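Below are the chains, spelled out letter by letter.
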Amino acid sequence: MAVDEQRAGSRVSRPENRLVRRGFGDPAQAVRLLDGPGLEGLADDPVLLDALGATADPDQALLGLARLMEAADETDRHTLRDTLTTSKPLRDRLLGVLGVSTALGDHLARHPHDWHVLVTFELRDMHPGPEDFHRALTEGVRSGGAGPGGGREGDRSPADALRIAYRRCLLAIAARDLTGTTDLARTAAELADLAGATLQTALELAAEQDPEAAAACRLAVIGMGKCGGRELNYVSDVDVIFVAEPREGVDEHQAVKAATRLAAALTRLCSDTTGEGTIWPVDANLRPEGRNGPLVRTLASHLAYYQRWAKTWEFQALLKARPVAGDAELGAEYVEALAPLVWQAAARENFVADVQQMRRRVIDSIPVTELDRQLKLGPGGLRDVEFSVQLLQLVHGRTDPALRSGNTLEALAALSRGGYVGRADAASLDTAYRFLRSLEHRIQLHRLRRTHLMPTGAEDLRRLARSLAALINDDTRADPVAALQREWKRHAVEVRRLHEKLFYRPLLDAVAELPPGAAGLSPDAARARLEALGYADPAAALRHISALASGVSRKAAIQRTLLPVLLGWFADSADPDAGLLNFRQVSDALGRTPWYLRLLRDESAAAEQLARVLSAGRLAPDLLLRAPEAVAMLGDPQGLEPRGRAALQSEVLAAVGRAGSTTAAVAAARSVRRRELFRTAAADVLGRLGEDPAQALDAAGEALTALNAATLQGALSACVAGWEAEHGDLPTRISVVAMGRFGGHELGYGSDADVLFVHEPLLGSLEEEAARAAQAVCHELRAQLGAPSPEPPLLVDADLRPEGRSGPLVRSLASYAAYYRRWSHAWESQALLRAEPVAGDEELGTRFRQLIDPLRYPGNGVPERDLVEIRRIKARIEAERLPRGADPTTHTKIGRGGLADVEWTVQLLQLQHGHELPALRTTRTRAALAAAVDGGLVRREDAEVLDAAWVLASRVRAAVMLVRGRPGDSFPGEARELAGVARYLGYGAGHSGQLLDDYRRTTRRARAVVDRLFYGL
């Protein structure tokens, strides 16, 4: 018995081994299937086994074949067996389909006679057109689903019969595709033609069901998207637009209603799920007004909408519009009428903003978990190629009718022939696009499901790799999955650079001598492209490009490589012209410096950061252009990290100590300050100070405060040393006390340094002599820091001192004590709330703080007369100090709900309650507001309103300085500057108006809180 079992096992093992060698993963199951109905005796047929082994998934192909044989009747089973063993074309087609698509295998198992279509289509035209598909679908519906092999169908409903006939046609297309008898472009065109024929057949069925509607109107179905472009996927929504006209003697309103009934019925016939599944969703959301608009419009109604209301993306969508079903004459009229509007879209005022918004919307729509698997929307995906080709068509198709194709590959070829894209670039992208689309097709074919994601399972990846072996430039036999992954990544990297290859590179060709085969844009075409990108002065931009890219030097060669990418980054900013000009100036200054070119060439992150900084406004580029070597910060991962006060002060004092004179020493301190200002501004522009806007604002304020404090310490040290070199030892000690936003650690980029100077004579020194020395040092400090220089000035404002400008610049500690004891006003106590020593003698600064604490945190709160006085002063400031012509609703400092409103409200609470709540004893506005909430003085919701207004107003002031390069308390009036402010604040292109609305709403709510808390209204 044991011997018999061993012999039986050995007999089974031989065919299993043969199956393993042919690629079967489950040879035992394969042996069982080969012994099943219709396949008996074929286990030893090398021709069949070789054919199965050559499929993408031999196990899946054999299982599908076994199910087909089992489902077929006896007669058809013998016919199929004979044909399978004698006809190589039929064998390759059938097994090729079964090895890739379980869905089509399921269809054959349900409708076994449909395998005959693989023979009948072979006998017809190898490339059927819309009429062939329409005839096949119509015959299928009339026969109740029966196909060319007859069968038991015959009694299906029209909807089910249409689905069966559709799958039958799909089977034939897939068979030709998978056996290589047609290419991607032809397969996609056949799928689009099949979709059009399906829509036509469904419309005819709808008309039969509603003859009254059919008699009332002419209805045309316009294919959009991939259907319109004759580049459809195996499984995709079919985008359409419906246009109708009344027949003679019919009222227009009645005709539109009738057409709507037909369109709705057509949609249901194709989209609804029946016992035979669904065909595909018919998507009419590209119509005017989208889902909110009527399903059907007349041609005049369509024209009126597109002439008045349509956005740029709608014209981009219309680029692919093509009549696919219904009234052909009306469809042609529709396309002809709308074509002129499509080809003038690039001249629209908001063209660039609309295009950029579309790009962001596509990117933002990708779930993070799918980003690395997206073939369509991900980086280097299909949408990148399609989007760029369409953009080039819209820009150059205005004057070149040869570019007006709705098909991506045809349009790419036309762009290459016309010189808008280099031949090598076009060929490379054509290959990449074909591969990515073929990969997408194979993924969708497996289960006939709409997906654009790469699978993760090993079996799925192996099947894909084997099915695409002919397209992979690698040997797939050893490790097909690895070969597939390499090929996919290679093409994705190529496509990822499509903006360089398709849109920006030819701009260089227009002005520089480049290798043969590059595109040669004419000057007019280059200017048109720059204008479409958002450059306000294309002629100047071309001059900059020419200066940067022309020549044979190493510098020009590297910049020719960089410029296409940089031009794209500049174009994504609010002011591309400024970005390009600034880059030229930086490159002129550093172009011969080896590390600069190496940094930009090898560090893509540094190049992108530089582009963003150079195009974000005036301040950071102006700081950089004074010392371009600061570009090196962008190549250091920690280069933009804010530096602490101790590190800054140590560097400044070291630089001051090395200088030979007071002027040189202060200049060295100012030089450090300029570099650190750039560091902070660049980090701010690039979003490196914190993800939360309030956090970033606080970080910038701390960095600027530390920088100004260190600069003052260095300048004071230099001026003291200068005085002592001339007069001997200084007879007094000096402390610098920060006031206002400086003391509150809330400095902006354009803020002055508000300070008080306090001194104390040294023991044994004459008070008058000490006062004269202190006055001389502090006057020199202010003069040196504010003197004209290549370095940005630090204006030291001491107007908050006792008696203001009329009083002495410096007072002794005893003089301050006497003044505050006898003459201090309520506003001075309020100003002292933000006093904090920042430079000079630390012990003297501490004693000054002890002196003023009783004034700013009075033990009995604020007397009623002082409260009235503070409110009166605030009201007078609002009435008298608002600049003439300024809008009080958008002035960030004095305007409604602005900085002054919030700060005075918080400071009043500090004056009233600081003596009893230690947490209120802070110079920082936001910290004091939070302490007022914790102390029960302000409701949390009111505090949140005030905090939001203060943060927004402060950020607007920072943005104005960054964009304009000079301080301002109001929003810029110039459109590009306002757009730059909006970009800094996180608003997309074209949303400056939304920023203003948000600001007014935020500050209006804050003013209501101020009226209650400050004025008691």
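Just so we're clear, the structure is a prediction, and the values are computed from it rather than from any experiment.

A.B. asks: Help me understand the overall build of the chain, please; the structure alone is not making it clear to me.
C.D. replies: Within the chain one finds 45 helices and 10 strands. For 1017 residues, the compact-globule estimate of 2.2 N^0.38 gives 31 Å, and the chain exceeds it by more than 25% at 38 Å. Each principal axis of the C-alpha atoms in the chain carries an extent, and together these give about 125 × 80 × 70 Å. Going through the 1017 residues of the chain one by one, you find that 56% of them count as buried. The contacts in the chain between residues at least 6 apart in sequence include a share of 72% that link residues at least 24 apart.

A.B. asks: Sorry if this is basic, but what is going on with helix α33 (residues 662–685) here?
C.D. replies: Counting along an α-helix, one turn takes 3.6 residues, and residues three or four places apart therefore face a common direction. Relative to the 34 Å expected for 24 residues at 1.5 Å per residue, α33 spans 34 Å between its end C-alpha atoms, a close match to the ideal helical length. Where burial is concerned, most of α33 is hidden: 18 out of the 24 residues are buried. G687 sits one or two residues past α33 and shows a positive phi near 70°.

A.B. asks: For this particular structure, what's the right way to read the pairing of strand β2 (residues 238–246)?
C.D. replies: A regular strand places its side chains on the two faces of the sheet in alternate fashion. Summarising burial for β2: eight of the nine residues are buried, a large majority. Here seven bridges tie strand β1 (residues 217–223) to β2, and the two strands are oriented antiparallel to one another. Each residue of the ladder has a partner; that of G223, found in β2, is V240. Direction of pairing for β2 relative to strand β3 (residues 282–283): parallel, over a ladder of two bridges. What sits directly across from D239, in β3, is D283.

A.B. asks: Just to check I follow, could you spell out the packing of helix α5 (residues 74–86) against helix α6 (residues 88–100) for this structure?
C.D. replies: For any two helices packed against each other, one specifies the crossing angle of their axes together with the interaxial distance. At a closest axis distance of 6 Å, the pairing of α5 and α6 adopts a crossing angle of 105°. Considered as vectors, α5 and α6 are oriented roughly perpendicular to each other. Facing L80, T83, L84, T85 and T86 of α5, the residues of α6 in contact are K88, L90, R91 and L94. Looking at side-chain class alone, the contact of α5 with α6 contains four nonpolar, three polar and two charged residues.

A.B. asks: Please explain the packing of aromatic side chains as it appears in this structure.
C.D. replies: The geometry of an aromatic ring pair is captured by the separation of the ring centres together with the interplanar angle, meaning the angle of the planes. For the structure shown, the criterion picks out 11 aromatic pairs. Aromatic side chains Y819 and Y820 sit 5.7 Å apart centroid to centroid with 70° between the ring planes, which places their arrangement in the edge-to-face category. As far as the burial class goes, Y819 and Y820 line up, both buried. By the ring-pair criterion, three or more aromatic residues cluster together here, those being Y816, Y819, Y820 and F848.

A.B. asks: Help me understand the environment of A432, please; the structure alone is not making it clear to me.
C.D. replies: Note on placement: A432 falls in helix α21 (residues 423–447). Considered as a pair, A432 and R490 are 58 residues apart in the sequence and their alpha carbons are 8.6 Å apart. Each residue touching A432, except ones within four places of it in the same chain, is listed here: H491 and V495.

A.B. asks: Would you explain unusual backbone geometry in this entry?
C.D. replies: Among all residues save glycine, negative phi is the norm, and among peptide bonds the norm is trans. If you check the backbone angles, R230 has positive phi at about 55° while not being a glycine. Positive phi values are uncommon outside glycine, yet L448 reaches one of about 50°. The topology assignment puts L448 in the loop between α21 and α22 (458–467). A residue is classified by how much of its surface remains accessible, and L448, at 17% relative accessible area, is buried.

A.B. asks: Would you take a moment to explain the nonpolar core for this structure?
C.D. replies: Note that soluble globular proteins tend to have their nonpolar side chains buried in a common cluster. Ranked by size, the top nonpolar core spans 127 residues in total, and within it L439, L484, F583, L712 and F757 carry the most contacts. Examining the composition of this core, we find that 14 residues originate from one element, helix α34 (residues 693–727), more than from any other. Those residues in contact with L484, other than ones at most four positions away along the chain, are F435, L439, M454, L461, L464, A465, L468 and I472. Counting 90 residues, the second-largest nonpolar core is a separate cluster that includes L95, L108, A255 and I279.

A.B. asks: Looking at this structure, how should I read the pattern of salt bridges?
C.D. replies: A side chain with one charge can pair with a side chain of the opposite charge if their charged atoms come near. Following the criterion strictly, the structure yields 63 salt bridges and no others. In this structure, D524 and R527 form a salt bridge, with 2.4 Å as the shortest nitrogen-oxygen distance. In this pair, D524 and R527 both sit in helix α25 (residues 523–533), three residues apart, roughly one turn of the helix. Judged by its relative accessible area of 31%, R527 is partly exposed. With its nearest N and O atoms 3.2 Å apart, the salt bridge here joins E676 to R643. One end of the pair, E676, is in helix α33; the other, R643, is in the loop between α31 (619–626) and α32 (645–658), with 33 residues separating them in the sequence. Of the residues examined, E676 reaches a relative accessible area of 4% and is grouped as buried.

A.B. asks: Sorry if this is basic, but what is going on with the pairing of β1 here?
C.D. replies: Of all the seven residues making up β1, seven are buried; the element is thus mostly covered by neighbouring parts of the structure. Of the two faces of β1, the one holding C217, L219, V221 and G223 and the one holding R218, A220 and I222 are both buried throughout. In terms of strand pairing, β1 meets strand β5 (residues 322–326) through four bridges, oriented antiparallel. When the sheet's bridge partners are listed, A220 is paired in β5 with G326.

A.B. asks: Help me understand the side chain of R167, please; the structure alone is not making it clear to me.
C.D. replies: By the element assignment, R167 lies in helix α10 (residues 158–178). For the buried R167, which has no salt bridge, the nearest side chain bearing the opposite charge is E276, at an N-O separation of 6.8 Å. At a separation of 2.9 Å, a polar atom in the side chain of R167 contacts the main-chain carbonyl oxygen of T278. In this structure, R167 is in contact with L104, H107, E276, T278, I279 and L448, ignoring residues within four places of it in sequence.

A.B. asks: What is the right way to look at the environment of R966 in this model?
C.D. replies: Topologically, R966 is positioned in the loop between α43 (940–964) and α44 (975–984). Given the relative accessible area of 42%, R966 is considered partly exposed. Not counting residues up to four positions away in its chain, the partners in contact with R966 are V960 and M961.

A.B. asks: How do you make sense of helix α20 (residues 408–417) when you look at a structure like this?
C.D. replies: Of all 10 residues in α20, seven are buried, a share of seventy percent or more. Buried within α20 are the following residues: T408, L409, A411, L412, A414, L415 and S416. Among the residues of α20, the N-terminal cap falls to N407, whose side-chain oxygen and the backbone nitrogen of L409 are separated by 3.1 Å.

A.B. asks: What's the story with the state of the cysteines in this structure? I'm lost.
C.D. replies: Note on terminology: a disulfide is the covalent bond linking the sulfur atoms of two cysteines. What the rule picks out here adds up to zero disulfides. The closest cysteine sulfur to the non-disulfide-bonded C227 is located on C270, 10 Å from its own sulfur. We classify C227 as buried; its relative accessible area is 1%. The exposure class of C270 is buried, given its relative accessible area of 0%.

A.B. asks: Please explain the packing of helix α37 (residues 813–822) against helix α39 (residues 842–856) as it appears in this structure.
C.D. replies: Close contact between α37 and α39 brings their axes to 11 Å; oriented N to C, the two are set at 5°. Overall, the two elements α37 and α39 adopt an arrangement that is roughly parallel. Contacts between α37 and α39 involve L813, Y816, A817 and Y820 on the former and, on the latter, L844, R847, F848, L851, I852 and L855.

A.B. asks: Explain the environment of E410 to me, please; I cannot follow it from the model alone.
C.D. replies: One can find E410 in helix α20. Exposure remark for E410: the relative accessible area of 48% places this residue in the partly exposed category. Taking the C-alpha atoms as reference points, E410 and A831, separated by 421 residues in sequence, lie 71 Å from one another.

A.B. asks: In this structure, what is going on with the side chain of E314? I would like to understand it.
C.D. replies: When you line up the elements, E314 lands in helix α16 (residues 312–318). Non-local contacts of E314, meaning those with residues more than four positions away in its chain, are made with R287, P288, E289, Y305, Y306 and W309.

A.B. asks: I would appreciate a short explanation of the confidence of the model for the chain in the present structure.
C.D. replies: Do not read the fine detail of predicted coordinates wherever pLDDT is low. With 94% of its residues at a pLDDT of 70 or more, the chain has an overall mean of 89. Taken together, the stretch residues 1–12 has pLDDT below 50 and engages in zero contacts with residues farther than four places along the chain or on a different chain. Predicted confidence for residues 512–519 stays below pLDDT 50, and this span has 17 contacts to residues more than four positions away or in other chains.

Criteria and thresholds
- Residues numbered from 1 in each chain as written.
- Predicted model: local features only at pLDDT ≥ 70, side-chain atom pairs only at ≥ 80, totals over all residues.
- Heavy atoms only, no water.
- Helix = DSSP H or I, 4+ residues; strand = E, 2+ residues; numbered from the N terminus.
- Rg over C-alpha atoms; globule rule 2.2 N^0.38 Å.
- Buried < 20%, exposed > 50% of the residue type's maximum accessible area, 1.4 Å probe, protein only.
- Contact = heavy atoms within 4.5 Å.
- Expected span 1.5 Å × (residues − 1).
- Pairing = 2+ DSSP bridges.
- Axes fitted to C-alpha atoms, helices over the stretch in contact; angles between N-to-C directions.
- Parallel < 35°, antiparallel > 145°, perpendicular 65-115°, else oblique.
- Nonpolar A, V, L, I, M, F, W, Y, C, P; charged D, E, K, R; others polar.
- Phe/Tyr/Trp six-rings, centres within 6.5 Å; stacked < 30°, edge-to-face > 60°.
- Core = buried A, V, L, I, M, F, W, Y, C linked by side-chain atoms within 4.5 Å.
- Salt bridge = Lys/Arg side-chain N within 4 Å of Asp/Glu carboxyl O.
- Lys, Arg positive; Asp, Glu negative; His and termini not counted.
- Polar contact = N/O pair within 3.5 Å; in protein donor to acceptor, adjacent residues only side chain to side chain.
- Disulfide = S-S within 2.5 Å.
- pLDDT = per-residue confidence, 0-100.

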